[in-house]
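So you can see what is in the structure, the chains are spelled out below.
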Amino acid sequence: MYAQRVMNYIGSYYMQLGHVDAIIFTAGLGENDAKVREEICDLLEEPLGVKLNKELNNTTRGKQAKISADNSKIDIWVIPTDEEVMIARDTVRLLNLK
């Protein structure tokens, strides 16, 4: 159900924008769960021409990597996030601590 919901959001944005530059998986599940990424990309393969490099997908965890196959119509990336650093930076900025 999760993969279906994500696929629906991506499809909806595609219809509104008319294109997709890239699909980025990030944060908890996106960075660390190859199976979830594969399920989402499998649902997008026919309608959007998304093709996942399954070997790269299965070996990428918590590091930045392009995981789309060479013949994918849309690039697929895993990009780690660091929410704690962003919160700290915003706090410093908002409190004028610099």
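Notes on the structure follow. (Residues numbered from 1 in each chain as written. Predicted model: local features only at pLDDT ≥ 70, side-chain atom pairs only at ≥ 80, totals over all residues. Heavy atoms only, no water.)

A closer look at the packing of helix H1 (residues 2–17) against helix H3 (residues 34–48)
At a minimum axis separation of 9 Å, H1 and H3 run at an interaxial angle of 40 degrees. In terms of orientation, H1 and H3 fall into the oblique class. Crossing hand, H1 versus H3: right-handed. For the pair H1 and H3, contact is made by Tyr2, Ala3, Gln4, Val6, Met7, Ile10 and Tyr14 and by Val36, Glu39, Ile40, Leu43, Leu44 and Leu48, respectively. (Axes fitted to C-alpha atoms, helices over the stretch in contact; angles between N-to-C directions. Helix = DSSP H or I, 4+ residues; strand = E, 2+ residues; numbered from the N terminus. Parallel < 35°, antiparallel > 145°, perpendicular 65-115°, else oblique. Left-handed = near helix turned anticlockwise from the far one by under 90°. Contact = heavy atoms within 4.5 Å.)

What to know about the pairing of strand S1 (residues 22–25)
Side chains Ile23 and Phe25 project from S1 onto a buried face, and the interleaved Ala22 and Ile24 project onto a face without burial. Sheet topology places S1 next to strand S3 (residues 75–78); 4 bridges connect them, and they run parallel. Paired with Ala22 across the strands is Asp75, a residue of S3. (Buried < 20%, exposed > 50% of the residue type's maximum accessible area, 1.4 Å probe, protein only. Pairing = 2+ DSSP bridges.)

Topic: the environment of Leu43
Relative to the helices and strands, Leu43 is located in helix H3. Classification of Leu43 by relative accessible area gives partly exposed; the value is 33%. Sequence separation between Leu43 and Asp82 is 39 residues, and the spatial gap between their C-alpha atoms is 28 Å. Dropping the residues within four chain positions of it, Leu43 is found in contact with Ala3, Gln4 and Met7.

Re the pairing of S3
On S3, burial follows the alternation: Ile76 and Val78 on one face are buried, whereas Asp75 and Trp77 on the facing-out side are not. Examined bridge by bridge, strand S2 (residues 65–66) and S3 share 2 bridges and lie antiparallel to one another. Within S3, the residue paired with Ala65 across the bridge is Val78.

Describing the pattern of salt bridges
Pairs may arise between side chains of opposite charge once their charged atoms sit close together. Taken as a whole and judged by the stated rule, the model has 5 salt bridges. Across the salt bridge formed by Asp42 and Lys54, the nearest N and O atoms sit 3.9 Å from each other. Here Asp42, found in helix H3, pairs with Lys54, found in helix H4 (residues 54–59); they are 12 residues apart in sequence, far enough to count as distant. With relative accessibility at 38%, the residue Asp42 sits in the partly exposed group. Overall, the relative accessible area of 39% leaves Lys54 in the partly exposed class. (Salt bridge = Lys/Arg side-chain N within 4 Å of Asp/Glu carboxyl O.)

Details of the sheet that holds S2
Two modes of strand pairing occur in sheets, parallel and antiparallel, and in both the strands are linked by backbone hydrogen bonds. The strand order S1-S3-S2 describes an open sheet built from 3 strands, whose pairing is mixed. A strand with exactly one partner marks an edge of an open sheet, and here the two such strands are S1 and S2. Contacts from H3 reach S1 and S3 within the one sheet, and its direction differs from that of S1 by about 160 degrees.

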